[in-house]
Amino acid sequence: NGNILSGNNTLSPLVDSGGVYTLTIENQENGCQAIDEVTVEENPEYPTDLDLEVSPPLCHGDNGTVAATQVTGGIGPYLYSIDEGQNFYGDTLFYNLPPSNVSIVVQDINGCQFAAETWIPNVQPLQLTLEAEATISLGATYQLRAFTNIPDNKIDTIIWSPDETLDCSNCLDPIAGPVENTLYEIMLLHTNGCLLEAEIFLRVYKDRNVFIPNAFSPSGAGNDDVFMIVANHEAIRGVDVLQLFPRWSKKVF
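Values in this document were obtained by computation on a predicted structure and should not be read as measured data.

Caption draft 1: Region of interest: the overall build of the protein. Along the protein, the regular secondary structure elements total zero helices and 18 strands. Its C-alpha radius of gyration of 42 Å places the protein more than 25% over the 18 Å reference for a compact globule of 253 residues. Projected onto its principal axes, the C-alpha coordinates of the protein cover approximately 150 × 35 × 25 Å. Every one of the 253 residues in the protein was classed for burial, and the buried ones make up 25%. One finds the centroid of the 9 positive side-chain charges in the protein at a distance of 49 Å from the centroid of its 34 negative side-chain charges.

Structure follows, in structure tokens:
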């Protein structure tokens, strides 16, 4: 009155429930028979539930962890399998699992098994972007702007380098004032430990655009009466020396 899965005409059938099983053997030459029976008892203690705890990846592209925390039912010690029951181990923590559906099988001391499933989620990619390149004139400044999808309360650290020509090295939008071509790099650390990097090449245009006239006529006639240096005020900090001479005479100013 049990249930035979297979092998009911063999000496070692496979059964899946308790009950009384009867074996009849017949000698085909003379028709004599022998009969015996065995009672199979089901173990009332078997695993009925398995609690799993998921630690999702910290950063996009990383893997996660699943821990088997509690077994309901069955008799310990327990073994666990991550490959659908092909191999069992005593470890309850499974590392380096990619985002996907995960099945953990628990087996008790009697070989009774229970499978539980969980999901390791994927993590949204973090972004940190800068312009690739920009150009300024010598003496000018440039507003650097780093864009990220990380909320302000999740940003742990911001580091710009080199920072000698920046008005701040720990903000997203410093003002740069380089006098040479400079490659600026920003490193941003998320509170969960993810590190992002970006860079911008700031090119400095050094043509000073200075025009100094070589003659003027301060006669009051209205033509070229005023001597004036024309220059980019951002590129020129000051005039060190200015001297005026008539054509064939000594310095007059």
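Let's pick the thread back up.
Caption draft 2: Spotlight on the sheet that holds strand β10 (residues 113–119). As summarised here, the arrangement of the three strands in space is β7-β9-β10, forming an open sheet in which the pairing is antiparallel. Bordering the open sheet on either side are β7 (79–81) and β10, each of which pairs with just one other strand. Across this sheet, the average inter-strand angle for adjacent strands is 25 degrees, counted without regard to direction. Inspection of the sheet shows β7 paired to strand β9 (residues 101–107) by three bridges, in the antiparallel sense. Note that in β9 the partner of Leu79 across the bridge is Gln107.

Caption draft 3: Molecular detail of the nonpolar core. Residues Leu144, Trp160, Tyr184 and Ile186 are the most contacted members of the largest nonpolar core, which totals 23 residues. For this core, the secondary-structure elements that each account for two or more residues are β12 (133–137), β15 (155–161), β17 (182–190) and β18 (195–205). With five residues, the top contributor of residues to this core is β18. Membership of the second largest hydrophobic core comes to 12 residues, among which are Leu50, Phe94, Leu97 and Val106.

Caption draft 4: Up close: the pattern of salt bridges. Overall, the coordinates contain two salt bridges when judged by the stated rule. Arg203 is the partner of Glu133 in a salt bridge, and the nearest nitrogen-oxygen pair spans 3.0 Å. Residue Glu133 is located in strand β12, and its partner Arg203 is located in strand β18; the two are separated by 70 residues in the primary sequence. Between Lys206 and Glu180 there is a salt bridge, with its nearest N and O atoms 2.8 Å apart. Linking Lys206 in the segment after β18 with Glu180 in the loop between β16 (175–176) and β17, this pair joins segments that are 26 residues apart in sequence.

Caption draft 5: Expanded view of the sheet that holds β17. Pairing is mixed in the open sheet, where four strands are placed in the order β12-β18-β17-β15. Edge positions in the open sheet fall to β12 and β15, since each of these has one partner strand only. Sheet twist, expressed as the mean angle between neighbouring strand axes with direction ignored, is 20 degrees. Both β15 and β17 contribute to a ladder of six bridges, which runs antiparallel. Across the sheet, the residue bridging to Ile155 is His190, located in β17.

Caption draft 6: Focus on the side chain of Thr118. As for its placement among the helices and strands, Thr118 is situated in strand β10. Judged by its relative accessible area of 17%, Thr118 falls in the buried class.

Caption draft 7: Quick peek at the packing of aromatic side chains. Across all of its chains, the model carries one aromatic pair by this definition. Ring centres 5.6 Å apart and planes at 55 degrees place the aromatic pair Phe216 and Phe227 in the tilted group. Linking Phe216 in the segment after β18 with Phe227 in the segment after β18, this pair joins segments that are 11 residues apart in sequence. With relative accessibility at 31%, the residue Phe216 sits in the partly exposed group.

Caption draft 8: Quick peek at a nonpolar patch on the surface. Residues Val210, Ile212, Ile229, Val239, Leu242, Val252 and Phe253 make up a contiguous nonpolar surface patch of about 640 Å² in total accessible area. You can see Ile212 is positioned in the segment after β18.

How each quantity is defined
Residues numbered from 1 in each chain as written. Predicted model: local features only at pLDDT ≥ 70, side-chain atom pairs only at ≥ 80, totals over all residues. Heavy atoms only, no water. Helix = DSSP H or I, 4+ residues; strand = E, 2+ residues; numbered from the N terminus. Rg over C-alpha atoms; globule rule 2.2 N^0.38 Å. Buried < 20%, exposed > 50% of the residue type's maximum accessible area, 1.4 Å probe, protein only. Lys, Arg positive; Asp, Glu negative; His and termini not counted. Charge placed at Lys NZ, Arg CZ, Asp CG, Glu CD. Pairing = 2+ DSSP bridges. Axes fitted to C-alpha atoms, helices over the stretch in contact; angles between N-to-C directions. Core = buried A, V, L, I, M, F, W, Y, C linked by side-chain atoms within 4.5 Å. Salt bridge = Lys/Arg side-chain N within 4 Å of Asp/Glu carboxyl O. Phe/Tyr/Trp six-rings, centres within 6.5 Å; stacked < 30°, edge-to-face > 60°. Patch = residues over 30% accessible without salt bridge, like charges linked within 9 Å, V, L, I, M, F, W, Y side chains within 5 Å. Areas by Shrake-Rupley, 256 points an atom, 1.4 Å probe, with all protein chains shown as cover.

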